[in-house]
Amino acid sequence: DQMLTIDKYDDLSEDETRKALCDDIFLYFKDVILKYKDRFLDFNAVAFIPLLEERFGDIKNGKLINTRKYEQR
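Let me begin by describing the structure that accompanies this report. (Residues numbered from 1 in each chain as written. Predicted model: local features only at pLDDT ≥ 70, side-chain atom pairs only at ≥ 80, totals over all residues. Heavy atoms only, no water.)

## Some remarks on the environment of L41
Its place among the elements puts L41 in the loop between α2 (14-35) and α3 (45-60). Taking relative accessible area as the criterion, L41 reaches 77% and is therefore assigned exposed. (Helix = DSSP H or I, 4+ residues; strand = E, 2+ residues; numbered from the N terminus. Buried < 20%, exposed > 50% of the residue type's maximum accessible area, 1.4 Å probe, protein only.)

## Brief notes about α3
Because each turn of an α-helix spans 3.6 residues, side chains separated by three or four positions in sequence point in the same direction. Compared with the 22 Å implied by 1.5 Å per residue over 16 residues, the 22 Å span of α3 between its first and last C-alpha is a close match. Considered for burial, the residues of α3 that qualify are A45, I49, L52, F56, G57 and D58. Residues of α3 that are buried make contact with α2. In this structure N44 caps α3, since a side-chain oxygen of it lies 3.3 Å from the backbone nitrogen of V46. G62 occupies a position one or two residues after α3 and carries a positive phi of about 75°. (Expected span 1.5 Å × (residues − 1). Contact = heavy atoms within 4.5 Å. Polar contact = N/O pair within 3.5 Å; in protein donor to acceptor, adjacent residues only side chain to side chain.)

From the geometry alone we can't say anything about function, so treat these as descriptive.
Next up, the structure:
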């Protein structure tokens, strides 16, 4: 299990925190996916990594946002 320590992100701005978390979580997912790639029967883990990296890049660069927190209820 991945553990993130708050101290690393405590003094960062919201933007810096988002970028740092994206980097750290992507690297963790990449390592785990590649480590267990032989266990995936119908999933090309190696081909998935660039897609995952692109999506995390979009989040990191503010191209994808959670609109739910902005919706009126």
